[in-house]
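Spelled out, the chains give:
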2 protein chains.
Amino acid sequence: MEEDDEFMARALSAARRASSHDDVPVGCVVVVDGCVVGEGENRREVDGDPTAHAEMVALRAAAGARRGWRLDDATVYVTLEPCVMCAGALLAARVRRLVIGAMDPKAGAAGSRYNVLSDPRLLHEVSLRYDVGAAPSVALLQDFFAARRGGGQASTSG
Amino acid sequence: MEEDDEFMARALSAARRASSHDDVPVGCVVVVDGCVVGEGENRREVDGDPTAHAEMVALRAAAGARRGWRLDDATVYVTLEPCVMCAGALLAARVRRLVIGAMDPKAGAAGSRYNVLSDPRLLHEVSLRYDVGAAPSVALLQDFFAARRGGGQASTSG
C-alpha cells in the first residue's frame with residue numbers, strides 16, 4: 001500500500017534524527033485514521049534511558065495525544081524489527097497492526113528470535129507486514145556503525 | 001536471603017500505592033549495593049500510558065538516578081512476574097538479577113509463557129529467584145479484583 005511507504009518514509013526521517021544525537025538510528029511513527037498521532041526515535045544514549053527505544057517513545061507520545069493507553073485502532077511503522085521490550089509494548093498498547101522495515105536476526109521479537117505478536121496464548125495479537133523500506137533502513141544502520149568504527153566509540157543496538 | 005525479603009516488602013508497599021489510584025497492584029524496586037535507586041508502581045490507568053508498568057517506572061527512575069541506561073549492577077524486585085515488555089526492559093537495561101513474587105501463568109515472560117531472561121541466544125541473561133513474598137502479592141491482586149467485581153468497573157492486568 002502506498003500509505004505504508006509514506007509513513008515508513010516518515011519513520012526513516014525519525015531514525016535519521018537518532019543518528020544526529022549519536023543513538024542507533026531507529027525510528028517509529030504511530031498512525032490512526034491516516035494521521036500521525038505519535039512519533040519517536042531511539043533516544044537511549046541521549047536520554048540515558050534503557051526504555052527509550054523508538055517504539056516506546058512513539059507509543060508514549062501517541063497515548064499522551066489520545067489521552068489513554070489503549071491504541072487498538074493504531075498502525076505502527078518501525079524501521080527495524082522490535083526487540084522483546086518493544087514488541088511487548090505493542091501488545092500492552094493493544095496495537096492493531098505493525099509495519100516493519102528491516103529485520104533484526106539477533107534480537108528481533110516479531111519473527112526473528114521470537115514472534116510474540118502472533119502468539120494465540122497471549123492476550124492480544126498484532127497483524128504484521130514485513131519488508132517495507134528495508135533497504136534504506138539497513139543503509140542507515142550500516143552507515144552509523146561504519147562511522148563509529150571509523151572514528152567513534154563502539155555501540156550496540158538496543 | 002533476608003535482604004530479598006526486605007526489598008520485596010518495599011515492592012509490596014509500592015504495589016499498594018497502585019491500588020490506591022485504581023491500577024492493578026504491582027510494585028517494583030531497583031537496588032544497587034543495598035540501596036534503593038528506583039521504585040515504582042503500575043500507573044497504566046492513572047497515567048493513561050501503556051508502558052507505565054511497575055518495572056518500567058522503576059527502571060526509568062533508577063536510570064535517571066544513576067545518570068545512565070546501563071543497570072548491570074542492579075537487582076530488581078517485582079511483586080508479579082514481568083510481562084514480555086517488562087522482561088525485555090530488564091534485558092535492555094542489562095539488569096543482573098531479578099527477584100519475583102507471584103508468577104503470572106497467563107502472560108509472564110520470566111518462566112511462564114516465555115523465559116526471555118534465560119535465553120543464551122539473546123544479548124544478555126538475568127539471574128532469577130522465584131517465590132519471594134508470593135502469598136501477600138497474590139492476596140493483594142485477589143482483593144483488588146474482588147473489590148472491582150463487587151462494585152467497580154472491570155479491568156485487566158497489563
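Right above here is the structure, for reference.
The rules behind these values
Residues numbered from 1 in each chain as written. Chains lettered and ligands numbered in written order. Predicted model: local features only at pLDDT ≥ 70, side-chain atom pairs only at ≥ 80, totals over all residues. Heavy atoms only, no water. Phe/Tyr/Trp six-rings, centres within 6.5 Å; stacked < 30°, edge-to-face > 60°. Helix = DSSP H or I, 4+ residues; strand = E, 2+ residues; numbered from the N terminus. Buried < 20%, exposed > 50% of the residue type's maximum accessible area, 1.4 Å probe, protein only. Pairing = 2+ DSSP bridges. Axes fitted to C-alpha atoms, helices over the stretch in contact; angles between N-to-C directions. Contact = heavy atoms within 4.5 Å.

(A) Expanded view of the packing of aromatic side chains. Residues and elements named next belong to chain B. Counted according to the given criterion, the structure contains five aromatic pairs over all chains. Taken together, a centroid distance of 5.4 Å and an interplanar angle of 40° make the contact between Phe7 and Tyr77 tilted. Here Phe7 is found in helix α1 (residues 2–20), whereas its partner Tyr77 is found in strand β3 (residues 75–80), with 70 residues between them in sequence. Across this residue pair, the class does not change: Phe7 and Tyr77 are buried.

(B) Main features of the sheet that holds strand β3 (residues 75–80) of chain A. Residue and element names in this part refer to chain A. Here five strands make up an open sheet; going across it, the order is β2-β1-β3-β4-β5 and the pairing mixed. The open sheet is flanked by β2 (35–41) and β5 (127–129), the only strands paired with a single partner. Geometrically, the sheet is characterised by an average inter-axis angle of 20° between neighbouring strands, direction not taken into account. Sheet contacts for helix α1 (residues 2–20): β1 (27–32), β2, β3, β4 (97–102) and β5; angle to β3, the most-contacted strand, approximately 50°. Strand contacts of helix α3 (residues 54–66): β1, β2 and β3, with the helix running at about 145° to β2, the strand carrying the most contacts.

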